[in-house]
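# Examining the three-dimensional arrangement
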Amino acid sequence: MSHLGKDNLDIYVPPDEHFSPKKLSAFILNSFQATIHFLSPEEKSLFQQDFSSFHTFEETHRMFSSNRSHAVEEWVKGILKKGVPEALYREVIHASKKNPLKFPLPQIIARNGMAWLDDEEFGRQMLAGINPTQIQCLEVTLPQDKIGVRSSIKRSHIEHNLGDLIVVEAMNQWRLFILDHQLPNAIYKQNKHKVSDDTLKPIAIELSLTGSNDGNEINRVFVPSTHVAKAHVATNDSVYHHLISYWLQTHAIFEPFIIATRRQLSEMHPIHRLLNPHFKDTMHINALAWRILINSGGILEKILFSGEVSMELSSELYKRWRFDEQGLPAYLVKRGMALEDEDPNNPTGVQLLFEDYPYGADGLEIWIAIKTWTDSELQAWWWEIQYVGHGDKCHEEWWYQMTTCSTLIETLTILIWIASTIHASVNFGQYTYAGYPPNRPTLCRKFIPKEGTFEYAEFLKDPDKYYLKMLPDTFEMSIGVALKEVLSWHTSDEVYLGQRPSEWTDNEEVRHKFEKFNGTLKEIEGKIMSRNGDPKLKNKWGPAKVPFNCLYQDTSNIASKVGITGKGIPNSISI
């Protein structure tokens, strides 16, 4: 365990990119208490380094017990003391004793401890879970990977689940969807779903493993899907979420935009002033991630099945990243989840395939609000230049119209969208869903047994026990849960989309436009709550009764958004 304590958290970042003292203290306090809380039930295993598996699903709940181990606490204190300045260490220890944090059950098991096993809940999480950006409409009957190898899923595997339809008819009606993770040199799966009343259910799962000797792939198709097959799907999706959706496509790609803006634009430049709130704390949290999370031998290498090739996978997938595809409408069209719509009364320019896609429906509302606000600020900037700065020449015909700057508006909208909404959608629901590892495992230690083997007999005898033996050991699970808790935590100094310091501009026109933007966000809150209460939209809650609130601001109750809330869109990538 020594690797967990060798890194110094007192790292240098430029002063204007540094956490506030209040946030740094709160961040370390939360990390300290979460580690103690979730490792305490594993005290004996921790110090003997003899980590076992859970035997029943009920047993997994011991991770959330409130008992606090003195031995674990002293162990974590020793690590902390080596990693932070003495004054900060004393502050954290004092706060820990004075205000011990409480850690609730993850929402996925809070109301129904077994609903996560339901096929409909499994499908719903592809639309409203912590990685709702990867599901695609199936456009070819036999998908192939990046090197041209075709899927082993045949029409015969799925047509018996399509009622009166054949595969081509279901595809033409946009009723078949696929989750396809092609991770180089790693296990990957293709997971097809069908739509029934806009809910998704898995009807075939393909797991592929690259052969170690000849390079050929071993493919297995599971129809109907089994719990153990779904565990492998969730494991691959968890790795993709951590390394690509969360780290690469928000934290990593955003940093160059911050550096370029700081270096090349004056603080008085209108674009700098527009983007500055969306840069808050990102450089510091990224520096911490490089030090303890994604470093060689760091936490992610310990808990993800991708292990020491984790950053290699992330780097490989970066080759496919395109900035022009990061805007929500373009990304939805690319994945076949929306169609282009030329109706001039539709400001998004797209139409969702079906209404009950929570991330898509809520996200498009916020996308348009951000784009309108971005356009408004640029218009106000240009208006002041033309009518105030050059008022004596303001009516001359050679002035460019700001509408010709559509590319700039789109670019700035995408940047704000990534920093605020995309990051919120893939981050702040982590404890809700992945805080219970059986629902979102990060590695599987066993393959699915084949019929006729001893392991298959073991599986048939007690499927739940076999499922749990596939998952990470108790220590790895506990570290993973502590990480999800820390990453899902809103701090007290969080600044949310639609909020800015009162002194950020003295331009009354810009202030008025910003107030209008804030009002639009409040209107969107009302629409989201209305959709959450619509019984026809089953994907908003699902069998586990977990509402899709990641994009719900709740601006009227900001004080309640400290801690694990599963809702709210901060301005920046700050955790």
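All values derive from a computational prediction rather than experimental measurement.

## Describing the overall build of the protein chain
- A count of helical and extended segments in the protein chain gives 21 helices and nine strands.
- Buried residues in the protein chain amount to 55% of all 575 residues.
- A fraction of 75% describes how many contacts in the protein chain between residues 6 or more apart in sequence connect residues 24 or more apart.
- By element, 52% of the accessible surface of the protein chain is carried by carbon and sulfur atoms, the whole surface being about 25300 Å².

## Quick look at the packing of helix 9 (residues 227-264) against helix 11 (residues 282-293)
- Between helix 9 and helix 11, whose axes approach to 10 Å, the crossing angle comes to 125°. What the angle tells us is that helix 9 and helix 11 run oblique. In the crossing of helix 9 with helix 11, the sense of the turn from one axis to the other is left-handed. Residues W247, H251, E255, I258 and I259 of helix 9 lie in contact with helix 11, whose contacting residues are T282, M283, I285, N286, A289 and W290.
- Of the residues belonging to the contact of helix 9 with helix 11, the class tally is seven nonpolar, three polar and one charged.

## A short note on empty space enclosed by the protein
- Counting across every chain of the model gives 10 cavities of 30 Å³ or more.
- Here the second largest cavity is characterised by a volume of approximately 140 Å³.
- Among the secondary structure elements, those contributing two or more residues to the lining of the second largest cavity are helix 6 (119-128) and helix 9.
- Of the residues in the lining of the second largest cavity, the class split is nine nonpolar, three polar and two charged.

## Regarding the environment of L487
- Here L487 lies in helix 20 (residues 474-487).
- We classify L487 as buried; its relative accessible area is 7%.
- Separated by 59 residues in sequence, L487 and F428 place their C-alpha atoms 7.0 Å apart.
- With near-sequence residues (within four places) excluded, L487 lies in contact with Y246, N427, F428, Q430 and I575.

## Overview of the packing of aromatic side chains
- One pass over the full model with this rule turns up 23 aromatic pairs.
- When the ring of F254 is compared with that of F257, the centres are 6.3 Å apart and the planes differ by 45°; the resulting orientation is tilted. Placement of the pair is F254 and F257 together in helix 9, with a separation of three residues, close to one helical turn.
- Residue classification places F257 among the partly exposed residues on the basis of a relative accessible area of 25%.
- Taken together through their ring pairs, the aromatic side chains of F254, F257, F279, Y318, W321 and F323 make up a single cluster.
- Positioned over the ring face of F19 is K23, at 4.7 Å from the centre of the ring.

## Details of a nonpolar patch on the surface
- A cluster of nonpolar side chains, namely W383, Y387 and V388, defines an oily patch on the protein surface of about 320 Å² accessible area.
- Along the chain, V388 turns up in helix 15 (residues 358-389).

## What about the side chain of Q553?
- Counting through the fold element by element, Q553 comes out in the loop between helix 21 (508-532) and strand 9 (563-564).
- Polar side-chain contacts of Q553 include one of 2.5 Å to the backbone nitrogen of I569.

## Things to note about the nonpolar core
- Within the largest apolar cluster, 143 residues are counted, with the highest numbers of intra-cluster contacts made by I135, F254 and Y357.
- Of the residues forming this core, the biggest block, 14 residues, is contributed by helix 9.

## Quick look at the packing of helix 9 against helix 19 (residues 463-470)
- Where helix 9 contacts helix 19, the axes come no closer than 10 Å and their chain directions differ by 20°. Here helix 9 is positioned roughly parallel relative to helix 19, judged by the angle of their axes. Seen from above, helix 9 lies across helix 19 with right-handed handedness. Contacts from H227, V228, A231 and H232 of helix 9 reach helix 19 at Y466, Y467 and M470.
- The residue makeup of the contact of helix 9 with helix 19, split by class, is five nonpolar, two polar and no charged.

## Looking at the layout of surface pockets
- Taken as a whole, the second largest pocket encloses approximately 510 Å³ of empty space.
- Every residue lining the second largest pocket is counted, 20 residues in all, and those nearest its centre are R262, H272, N276, P277 and P501.

## Observations regarding unusual backbone geometry
- Positive phi is not limited to glycine here, since W174 has a value of about 55°.
- Within the secondary structure, W174 is located in the loop between helix 8 (167-172) and strand 2 (176-180).
- Given the relative accessible area of 42%, W174 is considered partly exposed.

## What about the pattern of salt bridges?
- Inspection of the entire model under this criterion finds 22 salt bridges.
- D281 serves as the salt-bridge partner of K280, at 2.9 Å between the closest nitrogen and oxygen.
- Relative accessible area serves as the criterion here: at 5%, D281 is assigned to the buried category.
- A salt bridge links E316 to K319, with the shortest nitrogen-to-oxygen separation between them at 3.2 Å.

## Comments concerning helix 16 (residues 406-427)
- In this model helix 16 runs 30 Å from its N-terminal to its C-terminal C-alpha over 22 residues, within 8% of the 32 Å that 1.5 Å per residue would give.
- Among the 22 residues that make up helix 16, 17 are buried, leaving the element largely enclosed by the rest of the structure.

## As for helix 21
- Helix length check: helix 21 (25 residues) gives 36 Å between terminal C-alpha atoms against 36 Å at 1.5 Å per residue, within 8%.
- At the N-terminal boundary of helix 21, the capping side chain belongs to N507, with an oxygen 2.9 Å from the backbone nitrogen of E509.

## Examining the confidence of the model for the protein chain
- Taken residue by residue, the protein chain gives an average pLDDT of 84. The fraction at 70 or more is 87%.
- Per-residue pLDDT stays below 50 along residues 1-6; that stretch engages in 13 contacts with residues further than four places along the chain or on separate chains.
- Between residues 183-196, whose pLDDT stays under 50, and residues either more than four places distant or in other chains, the model counts 83 contacts.

Each value, and the rule that gives it
- Residues numbered from 1 in each chain as written.
- Predicted model: local features only at pLDDT ≥ 70, side-chain atom pairs only at ≥ 80, totals over all residues.
- Heavy atoms only, no water.
- Helix = DSSP H or I, 4+ residues; strand = E, 2+ residues; numbered from the N terminus.
- Buried < 20%, exposed > 50% of the residue type's maximum accessible area, 1.4 Å probe, protein only.
- Contact = heavy atoms within 4.5 Å.
- Areas by Shrake-Rupley, 256 points an atom, 1.4 Å probe, with all protein chains shown as cover.
- Axes fitted to C-alpha atoms, helices over the stretch in contact; angles between N-to-C directions.
- Parallel < 35°, antiparallel > 145°, perpendicular 65-115°, else oblique.
- Left-handed = near helix turned anticlockwise from the far one by under 90°.
- Nonpolar A, V, L, I, M, F, W, Y, C, P; charged D, E, K, R; others polar.
- 1 Å grid on protein atoms, 1.4 Å probe; cavity = no way out; pocket = protein on both sides within 12 Å on 5 of 7 lines; lining within 4 Å.
- Points joined across faces, edges and corners; volume = space filled by probe spheres on them.
- Phe/Tyr/Trp six-rings, centres within 6.5 Å; stacked < 30°, edge-to-face > 60°.
- Lys NZ or Arg CZ within 6 Å of the ring centre and 35° of its normal.
- Patch = residues over 30% accessible without salt bridge, like charges linked within 9 Å, V, L, I, M, F, W, Y side chains within 5 Å.
- Salt bridge = Lys/Arg side-chain N within 4 Å of Asp/Glu carboxyl O.
- Polar contact = N/O pair within 3.5 Å; in protein donor to acceptor, adjacent residues only side chain to side chain.
- Core = buried A, V, L, I, M, F, W, Y, C linked by side-chain atoms within 4.5 Å.
- Expected span 1.5 Å × (residues − 1).
- pLDDT = per-residue confidence, 0-100.

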